[in-house]
Amino acid sequence: MSVTVPRGFRAAGVAAGLKSSGAPDVALVINDGPDAGVAGVFTANRVKAAPVLWSQQVVHGGVVRAVVLNSGGANACTGPAGFQDTHATAEHTAAAITAANARLIVGAGEVAVCSTGLIGERLPMDKLLPGVRDAVRGLSRDGGPAAAEAIMTTDTRPKTTVAQGTGWTVGGMAKGAGMLAPAMATMLCVLTTDAVAGPDALDAALRAATRITFDRIDSDGCMSTNDTVLLLASGASGIEPTEAELTAAVTAACHDLAQQLLADAEGATKEVAIEVVGAASEDDAVEVGRTVARNNLVKTALFGNDPNWGRILAAVGTTTAVFEPDGVDVAVNGIWVCRGGAAAEDRAKVDLTGRGVTVRIDLHAGVDTATIWTNDLSHAYVHENSAYST
């Protein structure tokens, strides 16, 4: 269950001292080939961290041999100096990999860089660069779990996944526990595959996958500056899947990781699926689902085990979706507490004692559907985020 399950990949995770806790904080994933195709999806935030700006350029080139990631600092809002730190990290990583393996010559333009942590502070390069060297020395086929641990911030556990094709595999790791909102979540994600696939095929599969997975988890409505999802292909299996096969496997891996992110969301006591059906368009369904998922009154009600369908209906009413207010039905965990925009079954029948919650909203306006995944809003979330930088 890691990025090194597909053939052609090695990884490492080390402690470089970026975190005051001494926990692992530098990860490295390397593609030994024979191919080195790549695709990437990045945050839609207009305020983009230096590593996002760098990695967007690298991915545009279509070839990535390595991804270096750090936790303990986002390198966001750090100006030209922060971008130079990212450039220097890529150069240092490329040189260290090349020096350690004469058969694999890597240039800085083939190294993607990802960072996560507190916004607004420069990275301690005197610690990061030696950490990169240590990671290069520690690269192994068994290094995936260590790399997944090294990218954690407020995560309580690493997130890894594997999806099997026919003779080929997709592996992945991700981090993220807060600021989960599209696009995508405050997350770093590296996906690997030993399938034969060029940049165009990888891009199509990745965008199709993220559209219905990472882009539809919405923990707290807050969009990060550092969101990055990368898909690397080594071609080591020698098998070229169809577009549908590749998309299906990448989607399965992304869905699994997205659900792991949601389950580990800061302070969450419930995982909530907002299912919108009967919409006039998919966009309407997504808008309604996302609006309900971001509504603090709905989220706090669920935290308190209160199936308050009035709050749900009120949230639906703030959208531009096509529907008639007296034609909307709402069910919570299978109990239709609202029919035709009015009270229906007794809300006392709804059991909200478990972690899993499903809210189903039928707009009766069409045939399109969408699901947005979110969580409740708890005391622990407020506590953790009020003290994050201290």
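Residues numbered from 1 in each chain as written. Predicted model: local features only at pLDDT ≥ 70, side-chain atom pairs only at ≥ 80, totals over all residues. Heavy atoms only, no water.

**What to know about the overall build of the protein**
Where we set the bar: Only runs of H or I of at least four residues qualify as helices and only runs of E of at least two qualify as strands under DSSP, and these elements are numbered from the N terminus. Restricting the calculation to C-alpha atoms gives the radius of gyration, and the globule rule supplies 2.2 Å times the number of residues raised to the power 0.38. Here the term buried applies to any residue with accessible area under 20% of the maximum for its type, exposed to any over 50%, and partly exposed to those in between, with areas from a 1.4 Å probe on protein chains only. Residue burial considers only the protein chains on display, and all accessible areas are found by Shrake-Rupley using a 1.4 Å probe. Here the positive residues are Lys and Arg and the negative ones are Asp and Glu; neither His nor the chain ends is included. Lys charges are placed at NZ, Arg charges at CZ, Asp charges at CG and Glu charges at CD.
Tallying secondary structure elements over the protein gives 10 helices and 15 strands in all. What you see for the protein is a C-alpha radius of gyration of 22 Å, in line with the 21 Å of a compact globule of 390 residues. Out of the 390 residues in the protein, the part that is buried amounts to 56%. Roughly 14,700 Å² of accessible area belongs to the protein as shown, and the carbon and sulfur atoms make up 53% of that amount. Computing the positive centroid from 28 side-chain charges and the negative centroid from 42, the protein places the two 5 Å apart.

**Considerations on the sheet that holds strand β9 (residues 228–233)**
The criterion, for reference: Strands pair, by our definition, only if DSSP identifies at least two bridges between them. In this analysis an axis means a line fitted to C-alpha atoms, helices contributing only their contacting stretch, and an angle means the value between N-to-C directions, from 0 to 180 degrees.
With respect to topology, 5 strands assemble into an open sheet ordered β3-β9-β8-β7-β6, the strand pairing being mixed. The open sheet has two free edges, formed respectively by β3 (37–42) and β6 (159–164), since each of these has just one partner strand. Strand-to-strand, the axes of this sheet are offset by a mean angle of 15°, without reference to chain direction. The pairing of β6 with strand β7 (residues 169–175) spans 6 bridges and is antiparallel. Following the sheet pairing, T160 is matched in β7 by M173.

**Observations regarding the nonpolar core**
Inclusion rule: Definition used in this section: a nonpolar core is a set of buried Ala, Val, Leu, Ile, Met, Phe, Trp, Tyr and Cys residues joined via side-chain atoms within 4.5 Å. By definition, residues are in contact when any of their heavy atoms lie within 4.5 Å.
With 54 residues, the main nonpolar core has V26, V67, L69, M173 and L230 as its most contacted residues. Broken down by element, this core gets its largest block of residues, 6 residues, from helix α3 (residues 125–137). Once residues lying within four places of it in the same chain are set aside, the contact partners of V26 are A12, G13, V14, A16, L18, L69, N70, L128, G131, V132, A135 and A150. Formed by 32 residues, the second largest nonpolar core is a distinct cluster that contains V286, V332, V337 and L363.

**Quick word on helix α8 (residues 296–303)**
Just so we agree on the cut-off: Summarising the geometry, the arc corresponds to the directions from the helix axis toward the C-beta atoms.
Taken residue by residue, α8 has V298, K299, A301 and L302 as its buried positions. Down the axis of α8, the buried side of the element spans an arc of 160°, and every buried residue falls inside it. The elements touched by buried residues of α8 are β10 (271–279), α7 (282–293), α9 (309–316), β14 (356–362) and β15 (368–375). Trailing α8 by a residue or two, N305 shows a phi angle of about 60°, which is positive.

**Digging into the UniProt feature "binding site: substrate" (unreviewed entry) in the protein**
To keep things clear, this is the line we draw: UniProt positions are given in the numbering used here, feature names are shortened, and annotations may be inferred rather than shown by experiment.
Per the UniProt annotation, the sites labelled "binding site: substrate" (unreviewed entry) are T153, K175, T186, E266, N385 and T390. On the secondary structure map, E266 appears in the loop between α6 (243–263) and β10. On the accessibility criterion, E266 (7% relative accessible area) is buried. Tracing the chain through its elements places N385 in helix α10 (residues 379–386). Residue N385 is classed as partly exposed on the basis of its relative accessible area of 34%.

**Observations regarding the pattern of salt bridges**
Test applied: By definition, a salt bridge exists where a carboxyl oxygen of Asp or Glu is found within 4 Å of a side-chain nitrogen of Lys or Arg.
All chains considered together, the criterion is met by 17 salt bridges. For D85, the salt bridge goes to R122, with nearest N and O atoms at 2.6 Å. Note that D85 is positioned in helix α2 (residues 79–100) and R122 in the loop between β5 (111–115) and α3, a separation of 37 residues in sequence. Salt-bridge contacts for D306 lead to R347; the nearest nitrogen and oxygen are separated by 3.8 Å. Of this pair, D306 sits in the loop between α8 and α9 while R347 is found in the loop between β13 (342–343) and β14, placing the two residues 41 residues apart along the sequence. Judged by its relative accessible area of 34%, R347 falls in the partly exposed class. Residues joined in a network through salt bridges with shared partners are D155, R157, K159 and D264.

**Thoughts on the sheet that holds β15**
Taking strand neighbours across the sheet as the criterion, the 6 strands line up as β13-β12-β11-β14-β10-β15 in an open arrangement whose pairing is mixed. A strand with exactly one partner marks an edge of an open sheet, and here the two such strands are β13 and β15. When strand β12 (residues 335–339) meets β13, the two strands line up antiparallel, connected through 2 bridges. Residue pairing across strands places R339 opposite A342, the latter belonging to β13.

**Regarding the pairing of β7**
Across the 7 residues that make up β7, a large majority, 7, are buried. Covered by surrounding structure in β7 are T169, G171, M173 and K175 together with V170, G172 and A174, the residues of both alternating faces. Linkage of β6 to β7, two consecutive antiparallel strands, is achieved through a turn of 4 residues, within which G167 is found at a positive phi near 85°. With 6 bridges connecting them, β7 and strand β8 (residues 188–193) associate as antiparallel partners. The partner of G171 across the bridge, within β8, is T192.

**Comments concerning the environment of D362**
Mapping D362 onto the fold places it in strand β14. Taking the C-alpha atoms as reference, D362 lies 9.5 Å from F323; in sequence the two are 39 residues apart. Among all residues touching D362, those that are not within four sequence positions of it are V277, G278, G327, V328 and D329.

**Some remarks on the packing of α2 against α3**
For clarity, the cut-off: Note on terminology: angles under 35 degrees are roughly parallel, angles over 145 are roughly antiparallel, angles of 65 to 115 are roughly perpendicular, and the others are oblique. Helix crossings are classified by the rotation of the near helix relative to the far one: an anticlockwise turn of less than a right angle makes the crossing left-handed, while a clockwise turn makes it right-handed.
Their axes nearest at 9 Å, the elements α2 and α3 cross at an angle of 30°. Looking at the two axes, α2 sits roughly parallel to α3. Considering the relative orientation of α2 and α3, their crossing is right-handed. Between α2 and α3, the residues in contact are D85, A88, T89, H92, T93, A96, I97 and A100 and M125, L128, L129, V132, R133 and V136, respectively.

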